[in-house]
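For reference, the chains in residue letters:
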Amino acid sequence: MCRASIGAEISYEFDSLVRERDYLLLLNISVKDKSSQIDAECSINVEKGACKGLNWHTNINDDGSSPPTNPQILWLDYNSLNHPLIWRFWREGDKLEPSGMDGTVNVSDLLTQWKVPHISRNKAQILLDGRDKILWVRRW
């Protein structure tokens, strides 16, 4: 297992051994409840609300003020958005078009660059507009 690639996983019954960058992680695998809403998509079409793992409120501002510097605040041009906005967990193959760059970047590559542990990647979420364009990636 020490020679295995990062993210390699061996599972047996209810346990899983995962190789991370600097350590091995032994996990007890819990069986997912079929009625769980954890994978449910959340449509954002109101000014404030909540869904699993996300609370939001909207401020519409026409005064031309500068974007906030807080990285936990997403600043968007309301009039240029395609509605509804969808909040969901990322999926393999999701791609982001970073502003100021040509081309796309895989969300999986971003998670690797951010050094998000393999076991935590399934918690990363994305915000999509009405045309399925990724606006934001939120890592845990």
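Residues numbered from 1 in each chain as written. Predicted model: local features only at pLDDT ≥ 70, side-chain atom pairs only at ≥ 80, totals over all residues. Heavy atoms only, no water.

Asker: Sorry, what's going on with the confidence of the model for the protein chain here?
Answerer: Keep in mind that low pLDDT regions are not for reading the predicted coordinates in detail. Here the protein chain shows a mean pLDDT of 75. Residues at 70 or above account for 69%. Below a pLDDT of 50 lies the segment residues 31-39, which in the model reaches six contacts outside its immediate sequence neighbourhood of four places, other chains included. (pLDDT = per-residue confidence, 0-100. Contact = heavy atoms within 4.5 Å.)

Asker: Got a minute to help me understand the side chain of Asp129 in this structure?
Answerer: Considering the arrangement of structural elements, one finds Asp129 in the loop between β10 (125-128) and β11 (134-138). Despite its burial, Asp129 remains without a salt bridge, the nearest opposite charge being carried by Lys133 at 5.8 Å. Of note is the side chain of Asp129, whose polar atom sits 2.9 Å from the backbone nitrogen of Arg131. A polar side-chain atom of Asp129 sits 2.9 Å from the main-chain amide nitrogen of Lys133. When sequence neighbours within four positions are dropped, the list of residues in contact with Asp129 reads Asn82, Pro84, Leu85 and Leu135. (Helix = DSSP H or I, 4+ residues; strand = E, 2+ residues; numbered from the N terminus. Buried < 20%, exposed > 50% of the residue type's maximum accessible area, 1.4 Å probe, protein only. Lys, Arg positive; Asp, Glu negative; His and termini not counted. Salt bridge = Lys/Arg side-chain N within 4 Å of Asp/Glu carboxyl O. Polar contact = N/O pair within 3.5 Å; in protein donor to acceptor, adjacent residues only side chain to side chain.)

Asker: Please clarify how the pattern of salt bridges should be interpreted in this entry.
Answerer: When charged atoms on two side chains of opposite charge get close, those side chains can pair. According to the stated counting rule, one finds one salt bridge in the structure shown. Its salt-bridge partner being Arg88, residue Asp94 comes within 3.0 Å of it at the nearest N-O pair. With respect to class, Asp94 is no different from Arg88; both count as buried.

Asker: Sorry, what's going on with unusual backbone geometry here?
Answerer: Glycine aside, a negative phi is what most residues show, and trans is what most peptide bonds show. A cis geometry characterises the amide bond from His83 onward to Pro84, with omega recorded as 0°. Topologically, Pro84 is positioned in the loop between β6 (54-57) and β7 (85-89). One non-glycine residue, Lys115, adopts positive backbone phi at about 55°. Note on placement: Lys115 falls in the loop between α1 (107-113) and β10. Assessed through its relative accessible area of 58%, Lys115 is described here as exposed.

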